[in-house]
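Here are the chains, one letter per residue:
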Amino acid sequence: MEKILDRFLRYVAIDTQSDEESSSQPSTAKQWDLLNLLADELRAMGVKAETEEHGYVYAKIPGNNGKDTPTIGFMAHVDTAPDASGKDVKPQIIDCYDGGDIPLKGVPGLFLKPSEFPELLHFKGETLITTDGTTLLGADDKAGVAEIMDAVQYIVTHPEFKHGPIAVAFTRDEEIGCGVDSFDVKRFGADFGYTMDGGEIGELEYENFNAAAAKIHIQGRNVHPGSAKDKMKNAIHIATELNDLLPKLARPEYTEGYEGFFHLISFKGAVEEADIAYIIRDHDRAKFEARKEMMEKAAAFIDAKYGEGTVRLELKDQYYNMREMVEPHMHIVDTAVKAMELAGIKPRIQPIRGGTDGARLSFMGLPCPNIFAGGLNFHGKMEYVPLRSIEKAAEVILNILRLYAE
Ligand SMILES: [Zn+2]
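Only a predicted model underlies this, so the values are computations on that prediction, with no experimental measurement involved.

**Description of the layout of surface pockets**
- Of the voids in this model, the largest pocket is the one considered here, and its volume is about 740 Å³.
- Around the largest pocket sit 28 residues that line it, and Glu-174, Ile-352, Gly-354, Gly-355 and Thr-356 are the ones nearest its centre.
- Contributing elements (two or more residues each) for the lining of the largest pocket: β9 (192-198), β10 (203-205), β14 (311-319) and α9 (357-363).
- Classifying every residue of the lining of the largest pocket by side-chain character gives 5 nonpolar, 12 polar and 11 charged.
- Here the second largest pocket defines a volume of roughly 400 Å³.
- Along the wall of the second largest pocket there are 20 residues; nearest its centre are Ala-213, Ala-214, Lys-215, Ala-277 and Glu-314.
- For the lining of the second largest pocket, the secondary structure elements donating two or more residues are β11 (210-219), β12 (261-269), β13 (273-282) and β14.
- If one sorts the elements of the lining of the second largest pocket by residue count, β14 sits on top with 7 residues.
- For the lining of the second largest pocket, the per-class residue count stands at 10 nonpolar, 3 polar and 7 charged.

**So, the domain arrangement of the protein chain**
- What the domain assignment reports for the protein chain is domain 1 (4-207 + 322-405) and domain 2 (210-319).
- Each of domain 1 and domain 2 has a C-alpha centre, and these two points are 38 Å apart.
- At the junction of the two partners, domain 1 supplies 7 residues and domain 2 supplies 9 residues.
- Across the domain 1 to domain 2 interface the summed buried area is about 700 Å²; carbon plus sulfur atoms make up 48%.
- Considering only the surface of domain 1 that becomes buried against domain 2, Glu-207, Pro-351 and Arg-353 emerge as the three largest contributors, covering 62% of it.
- At the surface where domain 1 touches domain 2, the tally comes to 1 salt bridge.
- The partner of Arg-285 in a salt bridge is Glu-324, with the nearest N and O atoms 3.0 Å apart.
- Residues belonging to the side of domain 1 that touches domain 2 are distributed by class as follows: 2 nonpolar, 2 polar and 3 charged.

**Overview of the side chain of Glu-200**
- Residue placement: Glu-200 occurs in the loop between β9 and β10.
- Although Glu-200 is buried, it makes no salt bridge; Arg-348 carries the closest opposite charge, 4.1 Å away.
- A polar atom in the side chain of Glu-200 sits 2.7 Å from the side chain of His-122.
- Leave out the neighbours within four places in its chain, and Glu-200 touches Glu-119, His-122, Phe-123, Arg-348, Phe-372, Gly-374, Gly-375 and Leu-376.

**Some remarks on the sheet that holds strand β7 (residues 128-130)**
- Pairing is antiparallel across the open sheet formed by 3 strands, whose spatial order is β4-β7-β17. Edge positions in the sheet fall to β4 (92-94) and β17 (384-386), since each has one partner strand and no second. Neighbour to neighbour, the strand axes of the sheet diverge by 20° on average, direction disregarded.
- Here β4 pairs with β7 via 3 bridges, running antiparallel. Each bridged residue has a counterpart across the sheet, and for Ile-93 the counterpart in β7 is Ile-129.
- Those strands touched by helix α1 (residues 4-12) are β4, β7 and β17, and its axis lies near 5° from that of β7.
- Contacting β7 and β17, helix α10 (residues 387-405) runs over the sheet at an angle of about 65° to β17.

Procedures and definitions
- Residues numbered from 1 in each chain as written.
- Predicted model: local features only at pLDDT ≥ 70, side-chain atom pairs only at ≥ 80, totals over all residues.
- Heavy atoms only, no water.
- 1 Å grid on protein atoms, 1.4 Å probe; cavity = no way out; pocket = protein on both sides within 12 Å on 5 of 7 lines; lining within 4 Å.
- Points joined across faces, edges and corners; volume = space filled by probe spheres on them.
- Helix = DSSP H or I, 4+ residues; strand = E, 2+ residues; numbered from the N terminus.
- Nonpolar A, V, L, I, M, F, W, Y, C, P; charged D, E, K, R; others polar.
- Domains from an automatic or database assignment.
- Contact = heavy atoms within 4.5 Å.
- Buried area = accessible area lost by both parts, 1.4 Å probe.
- Salt bridge = Lys/Arg side-chain N within 4 Å of Asp/Glu carboxyl O.
- Buried < 20%, exposed > 50% of the residue type's maximum accessible area, 1.4 Å probe, protein only.
- Lys, Arg positive; Asp, Glu negative; His and termini not counted.
- Polar contact = N/O pair within 3.5 Å; in protein donor to acceptor, adjacent residues only side chain to side chain.
- Pairing = 2+ DSSP bridges.
- Axes fitted to C-alpha atoms, helices over the stretch in contact; angles between N-to-C directions.

Listed below in structure tokens is the structure:
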């Protein structure tokens, strides 16, 4: 049996960064390096695994419990975020962390400090895996990949472990928001699933934002400023006025938990024309619809004030809260809770302030909550993961299977 730490270190050594500028699937060919490796490793363990041209690995393990048990899916993504390099990752292993500042030795003077990242102190006495300060670590989501592979290894080497049918999938391009664009739910063949892609140990998520994007074009009228009286319409001022109609406290920098927001993400303008863009987010579907309505009213008000055709609003839904798809099957969440408790972990259910691949899958007919993969400070040089969290996540996978097999 390969140890999960060694497995994790092997996977993070492979550069799999995705690229938001690319439109190919997967967005970067190098993601195949890990996808192919995983398919080979699964086959070497005697598991039926297939790669699929758009950048997926699908694998199946038949049940051995002699009962009619649902097929449970486990998924993780192989890509790492474009925000920081994932090439030549040189992890540092900190044994028995003493609670002090950890030097990231690739960059003189750079430290991972509990004064800046107080969660570090939750892991005093544990083994931590950090970066050397020059790259991200890639625990997002190679921790999830390693956890699933470790659980599979356990299952194939322990025939006495009773379980129902299992579906495994490794996906690509989660970090650029198109991880499941071509995902084949039918081929995957699970009745429901879990993404192993959350953060700190204990995290369990089955709620995410409802999301829409708003693009607003303002048509002004430029006239020589010397003779502009009663003629000029300054698109910059009009755009600002429209923005002022939106509630100021409903912004990301002032909200948390279940509070939704309007987030102004770009503002480009001159006197003649201006373009502003927002994302709109809310966990509650009714409040989400009300926010979109508020945006429409603001646009209509300004349009009427400055003359028809001044404001053009384009509003597009992006994704929805998976809660409405998961809630009718709450056993999926309840079983994950029980599986964590069996592993001695206190589950922390919290709403995601964003979206996940699981959210989109839930609306494609595969209810799919998200379980912790164990890492912290994702997408940057300060990323780290406690070894025990990875081990516990693999244990949670086995516990879920065990609970459903009974
Ligand atoms: Zn992730």
